[in-house]
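Report on the structure
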Amino acid sequence: MNETVKVEVPEIKIADAVTLPARDTAVIIVDMQNDFVKEGGKLVVPQARETIEPIRRLVEKARSNSVRVIYTQDTHWDGDPEFKLWGEHVKIGTWGWRIIDELKPAENDIVLIKTRYDGFYGTPLDDILRSYGIRNLVITGTVANICVLHTAASAGLRWYKIVLPMDTVSALTEFDYYLTLRQVSWLYNGIVVRTADSIEFT
Ligand code: ZN
């Protein structure tokens, strides 16, 4: 039986601006790959297109302040069990797997292949962050309530400080979007900030 229930979004604390120390902050871009973002992709999140520019400006600002930029790249091979849930997507080496041209990683950025929703699961992300002494994570990308939220949750459990700019994450439904903001701010004690442009690095 399917049931539709109407719920109200509980209050979400939203910050107007945030300043972060460049030295111990990283910007994480989750799964901004052709299959999720671009027309013709296998699992497109239409809203993701609107997040490209804010993320691009944030990444530029991060690089010019020597803030580390880290990408996750969802990756599957033939016969991956996730294909039973989602159909084939981001198969290694395909166009859909590649990170979108607008957000092409620079030489000194870190790109981590991940196989599940969580950017920490089975990847060296935690080790890398610890090695560089990073404590604050600005998390961006798609899909909000799937890979972004699982990555943010995993960061929260490890006591990283999470900053989530609202204009840099995208979901398939409004519910999924607000659920993500609510979980990050309330459950993981993160900072939800209205725009990526309002984040400053010192
Ligand atoms: Zn996947």
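Please refer to the structure placed before this passage.
Residues numbered from 1 in each chain as written. Predicted model: local features only at pLDDT ≥ 70, side-chain atom pairs only at ≥ 80, totals over all residues. Heavy atoms only, no water.

Okay, the packing of aromatic side chains next. Taken as a whole and assessed by the stated rule, the structure comprises two aromatic pairs. When the centroid spacing of 5.1 Å and the interplanar angle of 85° are considered together, the rings of Tyr 177 and Tyr 178 count as edge-to-face. Residue Tyr 178 is classed as partly exposed on the basis of its relative accessible area of 28%. Taking the ring centre of Tyr 132 as reference, the NZ or CZ of Arg 68 above it sits at 3.8 Å. The cationic tip of Arg 135 hangs over the ring face of Tyr 160; the distance from NZ or CZ to the ring centre is 4.8 Å. (Phe/Tyr/Trp six-rings, centres within 6.5 Å; stacked < 30°, edge-to-face > 60°. Buried < 20%, exposed > 50% of the residue type's maximum accessible area, 1.4 Å probe, protein only. Lys NZ or Arg CZ within 6 Å of the ring centre and 35° of its normal.)

What follows is about the pairing of strand S5 (residues 110-114). Taking every second residue as pointing to the same face, the buried face of S5 carries Ile 110, Leu 112 and Lys 114, while none of Val 111 and Ile 113 on the other face is buried. Where strand S4 (residues 68-74) and S5 come together, five bridges link them in parallel fashion. Within S5, the position partnered with Thr 72 by the bridge is Leu 112. (Helix = DSSP H or I, 4+ residues; strand = E, 2+ residues; numbered from the N terminus. Pairing = 2+ DSSP bridges.)

Our next topic: the coordination of the zinc ion. Bound to the zinc ion are the protein donor atoms Asp 74 (OD), His 76 (NE2), Glu 82 (OE) and His 89 (NE2), situated 2.1 to 2.3 Å from the metal. Of note is the zinc ion, whose four donor atoms meet at the metal with angles of 85 to 155° in an arrangement that counts as irregular. Look at where the donors of the zinc ion fall in the sequence and you get D-x1-H-x5-E-x6-H. For the pair Asp 74 and Glu 82, one class covers both residues: buried. (Donors = N, O, S within 2.8 Å, 3.2 Å for Na, K, Ca; no water. Tetrahedral: all angles 85-135°; square planar, octahedral: opposite > 155°, others 65-115°.)

One face of the sheet, then the other: side chains in a regular strand alternate in exactly this way. Taking burial as the measure, the seven residues of S4 include six buried ones, the bulk of the element. Relative to S4, strand S3 (residues 25-30) runs parallel, the two sharing five bridges. The residue bridging Ile 28 from the neighbouring strand is Ile 70, located in S4.

With that settled, consider the pattern of salt bridges. Following the criterion strictly, the structure yields 14 salt bridges and no others. Arg 130 is the salt-bridge partner of Asp 126, the closest N and O atoms lying 2.8 Å from each other. One end of the pair is Asp 126 and the other is Arg 130, both in helix H4 (residues 125-131) and four residues apart, which spans about a single turn. When its relative accessible area of 17% is taken as the criterion, Asp 126 is described as buried. We classify Arg 130 as exposed; its relative accessible area is 54%. In this structure, a network of salt bridges that share partners links the residues Glu 53, Arg 56, Arg 57, Glu 60 and Asp 197. (Salt bridge = Lys/Arg side-chain N within 4 Å of Asp/Glu carboxyl O.)

This brings us to a nonpolar patch on the surface. There is a patch of nonpolar side chains on the surface, built from Val 5, Val 7 and Phe 175 and spanning about 320 Å² of accessible area. We classify Phe 175 as exposed; its relative accessible area is 52%. (Patch = residues over 30% accessible without salt bridge, like charges linked within 9 Å, V, L, I, M, F, W, Y side chains within 5 Å. Areas by Shrake-Rupley, 256 points an atom, 1.4 Å probe, with all protein chains shown as cover.)

A word on the side chain of Thr 51. Checked against the element boundaries, Thr 51 lands in helix H2 (residues 48-64). What makes Thr 51 buried here is its relative accessible area of 2%. With near-sequence residues (within four places) excluded, Thr 51 lies in contact with Met 32, Asp 167, Thr 168, Val 169 and Ser 170. (Contact = heavy atoms within 4.5 Å.)

What follows is about the environment of Leu 157. Checked against the element boundaries, Leu 157 lands in helix H5 (residues 144-157). C-alpha separation for the pair Leu 157 and Leu 187, spaced 30 residues apart in sequence, amounts to 9.9 Å.

Moving on: the side chain of Thr 140. The residue Thr 140 is located in strand S6 (residues 136-142) in this model. Excluding anything up to four places from it in sequence, Thr 140 contacts Ile 28, Ile 29, Val 30, Ile 55, Leu 58, Val 148, Pro 165, Thr 168 and Val 169.

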